[in-house]
Amino acid sequence: MNPNNIELLAPAGSYEGFEAAIGAGADAVYVGGAMFGARAYAQNFNEEELLHAIDAAHIHGRKLYLTVNTLLKNRELKEQLVPYLEPYYNAGLDAVIVQDMGVFSLIKKEFPKLHLHASTQMTVTGPEGMKFLADQGATRVVAARELSLEELSRMHEACPIEIEAFVHGALCYSYSGQCLMSSLLGGRSGNRGRCAQPCRLPYQVKHFQTRDYQKGEFCPLSLKDICTIEILPEIIDAGVTSLKIEGRMKQPVYTAGVTGMYRKYLDLLFERGPENYHVTGKDKKYLLDLFNRGGSCTGYYQMGNGPKMMAFTNEKKTGEVSLKPKQLKVKIKGELSLTSGLPALLHVSCKDAEAMAYTGEVQLAKNQPVTRERVLQQMDKLGNTVFTWESLDIQMNDAVFVPMKVLNEIRHQALEELTKNLLKKYRRNVGLERIAHAPQPKIGDIVICDNVPLGKEDFIPVYASCESEEAAEILCQQKEIQGIYLPYVLMEDYLQKGLANGKEMYLSLPHITRGNPPEGYLEQAKKWLEAGMTGFLVRNLESYSVLAQMGLADRCVLDHSLYTWNDEAIHFWKDQKVLRNTVPLELNEKELRHRENTGSEMVVYGRLPLMHSAQCVRKNTSGCNHQEDRLVLRDRYDKEFPIVCYCRPWKTGNTKETGPCYNIIYNSLPYGLLKEAGKVKELGFSSVRLSFTIESGKETKRIVEDFAAAYHEGRVSGEGEFTKGHFKRGAE
């Protein structure tokens, strides 16, 4: 266990928080600036503070990472991102934490020396997704918080880049990056750093077939915070190199307290070894007193899910902890020479940097010579600088005089030059880099055309996805449907039926992929391709990477969970040769008009997923029966949200459970752009999709007919209670 390879990474929501983190022993600090961070409501840093923090971190031998981990709209990406990052890049910013593949791609081109850390918002759940990001240029992956020690270990063994994992702080109920609950219910998007935390609210729960809800309200979606200080050796042994503390919204006293305690035990671990590692009850209590939500847990590292991880009352507890953050100083060495008739001369050094300053003239004393003690007293006045003398050698004659003003000037000049020299190796000049690496235009370069709107009477292909046999049977028979997306368990029975009716047939892969597919899964998929299956509906990086390695990237349709908010992201995936992408669910009509929509499919009907969670509402409230099932949540406004429990995500039709389960919570009302068909067609999409989840066969048939009439004939004849999602309002 090499302590030099392990990083303690602390949060800072303000400059005071940054100082607290550094003073408490953090090796690196992650912060948000004025834009594009996933904690939009934190105090965050203005440009001057952030530039100062970058320099302060480097002078102390630490690192600073900037969060750019939200999804960006075209205007933001094209007009704001590059000028926003440029001063920080030039100052020596160590890395950016990124969610959006468009942001990732643009930063890689514009700031080639800047390290790219793939945010936990990318939902990286396995080695294949990690390897894919490494191939694109990521130097680190922030793993999904739901992963076990064994899964992290497999990722570490499969890929050489760094793994960052959360060790302390809040847990999201949903996989990070896969939550639209705050966005769709209140317009405050977690993908934009504005989550309103509806998961912390009380709800009632019932089975979908029963009439009555369980008595009383509680918080079935509220998780305890994690505290992993007792299992740090196991986490490090699994291959995690950056131990991340959550909490940019919390106060500096919390940052200092938690960081200091983890620093203490990391040092003890490195000093004594894992066999002698032990956390005292007093120190564990201290961490809980700083902040806890219904106690604490060790997260998903040692358990898949369960009620022991839940804070059903969402009761926050903050103790009265008195703690003054430490002010760290950097030790320097100096040599001061005071010889009559010559300028005062000061040489200072720190680490691998040094500086020299000289000024004024040292005089031969006529009356009272200056004493060595007086000189030392004046030179000790380092004020608000980060420096402190490790040693100061003063060489002077017995009978000299030097004004105190001269000593102040020479000290100031030397330390200013030393600071400059310490930071010199971190400085960059992006302007010169761009000139040196400017690409030459090539004959035959592809020119991206603008959207070509369809007229209201023009034909637009309608595709459909479904989860049940009842719906699959109907869809195969509907002439209006051009293609069908089916899960594995339905493909065997409906592939030939669909092909016989002229349908394109696609295999829908799991929303969340963890672990290897069951034996024979991919082989069967290849056979289906040979039999006429068109391709795959891909929901995550892990699945995409597996298919790409098989040479099947051009058979992949990206679902809306692989976000393409901006044209840079669209171009990134076009370069990967994917078949088409699916339009994100959080862009409004106006924003979509500024997006390149050729080659995109838009969902125009369906129960939109609010959350994908590794937790199971059924297991946490009434116990696990190892069967796929449905429940219902009811909120304080009497809105009912269906929950589907996926016990076997790979689901091949056999009875063996083949991976961690997950729940999907769907919106209370189906989303439907029926009357908006004309406006949707004007946006220039290549196709539209109807998404069926819990509908009956009868409902499926009616919806297909209604939407086909609207999108093929320009005739709106059906009725239904739909939400328009973000098509009109958009997300913050």
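Structure: see above.
Everything numeric here is computed off the predicted structure, so don't read it as measured data.

Asks: Run through a nonpolar patch on the surface, naming residues and quoting values.
Replies: On the surface, a cluster of nonpolar side chains totalling about 320 Å² of accessible area is made up of Leu345, Met356 and Tyr358. Structurally, the position occupied by Met356 is in strand β16 (residues 353-359).

Asks: Give a description of the sheet that holds strand β18 (residues 387-396) that names residues and reports values.
Replies: Strand order across the open sheet formed by four strands is β16-β15-β14-β18, with mixed pairing between neighbours. Of all the strands in the sheet, the pair left with one neighbour each is β16 and β18. Strand-to-strand twist in this sheet, taken as the mean axis angle between neighbours without regard to direction, amounts to 15°. As judged from the nine bridges shared by strand β14 (residues 330-338) and β18, these two strands associate in the parallel manner. Each residue of the ladder has a partner; that of Val330, found in β18, is Phe387. Across the sheet, helix α12 (residues 404-424) touches β14, β15 (344-350), β16 and β18, and the angle it forms with β16 is around 155°.

Asks: Pulling in residues and values, what's your account of the pattern of salt bridges?
Replies: Following the criterion strictly, the structure yields 36 salt bridges and no others. With its nearest N and O atoms 2.5 Å apart, the salt bridge here joins Lys701 to Glu705. On the criterion of helical spacing, the pair formed by Lys701 and Glu705 is a turn pair, its members being four residues apart in helix α22 (residues 697-713). Residue Glu705 is classed as partly exposed on the basis of its relative accessible area, which comes to 35%. Taken together, the salt bridges that share partners define one network made up of Glu7, Arg140, Glu162, Glu164 and Lys244.

Asks: Got a sec to walk through the packing of helix α2 (residues 47-59) against α12? Specific residues and values, please.
Replies: Helix packing for two helices is described by the angle between their axes and how far apart those axes are. Look at α2 against α12: their axes get within 10 Å of each other, and the N-to-C directions meet at 85°. Relative to α12, the element α2 lies roughly perpendicular. Where α2 abuts α12, its residues Asp55, His58 and Ile59 lie against Thr419, Leu422 and Leu423. Along the lines of polarity and charge, the residues of the contact of α2 with α12 split into three nonpolar, two polar and one charged.

Asks: Describe the environment of Ser296, listing the residues and the values that go with them.
Replies: With respect to the helices and strands, Ser296 occurs in strand β12 (residues 296-297). Among the residues examined, Ser296 registers a relative accessible area of 23% and is labelled partly exposed. The sequence separation of Ser296 and His168 amounts to 128 residues, and the corresponding C-alpha distance is 9.5 Å. Beyond its immediate sequence surroundings of up to four residues, Ser296 is in contact with Lys224, Asp225, Cys227, Lys284 and Leu288.

Asks: Outline the layout of surface pockets, supporting the account with residue identities and numerical values.
Replies: Volume-wise, the second largest pocket comes out at about 610 Å³. Every residue lining the second largest pocket is counted, 26 residues in all, and those nearest its centre are His52, Asn384, Thr385, Val386 and Phe387. Elements represented by at least two residues in the lining of the second largest pocket include exactly α1 (15-23), α2 and α12. With six residues, the top contributor of residues to the lining of the second largest pocket is α12. Taken together, the residues that form the lining of the second largest pocket break down as 11 nonpolar, eight polar and seven charged.

About the thresholds
- Residues numbered from 1 in each chain as written.
- Predicted model: local features only at pLDDT ≥ 70, side-chain atom pairs only at ≥ 80, totals over all residues.
- Heavy atoms only, no water.
- Patch = residues over 30% accessible without salt bridge, like charges linked within 9 Å, V, L, I, M, F, W, Y side chains within 5 Å.
- Areas by Shrake-Rupley, 256 points an atom, 1.4 Å probe, with all protein chains shown as cover.
- Salt bridge = Lys/Arg side-chain N within 4 Å of Asp/Glu carboxyl O.
- Helix = DSSP H or I, 4+ residues; strand = E, 2+ residues; numbered from the N terminus.
- Pairing = 2+ DSSP bridges.
- Axes fitted to C-alpha atoms, helices over the stretch in contact; angles between N-to-C directions.
- Contact = heavy atoms within 4.5 Å.
- Buried < 20%, exposed > 50% of the residue type's maximum accessible area, 1.4 Å probe, protein only.
- Parallel < 35°, antiparallel > 145°, perpendicular 65-115°, else oblique.
- Nonpolar A, V, L, I, M, F, W, Y, C, P; charged D, E, K, R; others polar.
- 1 Å grid on protein atoms, 1.4 Å probe; cavity = no way out; pocket = protein on both sides within 12 Å on 5 of 7 lines; lining within 4 Å.
- Points joined across faces, edges and corners; volume = space filled by probe spheres on them.

Geometric descriptors of this kind do not, in isolation, establish any biological role.
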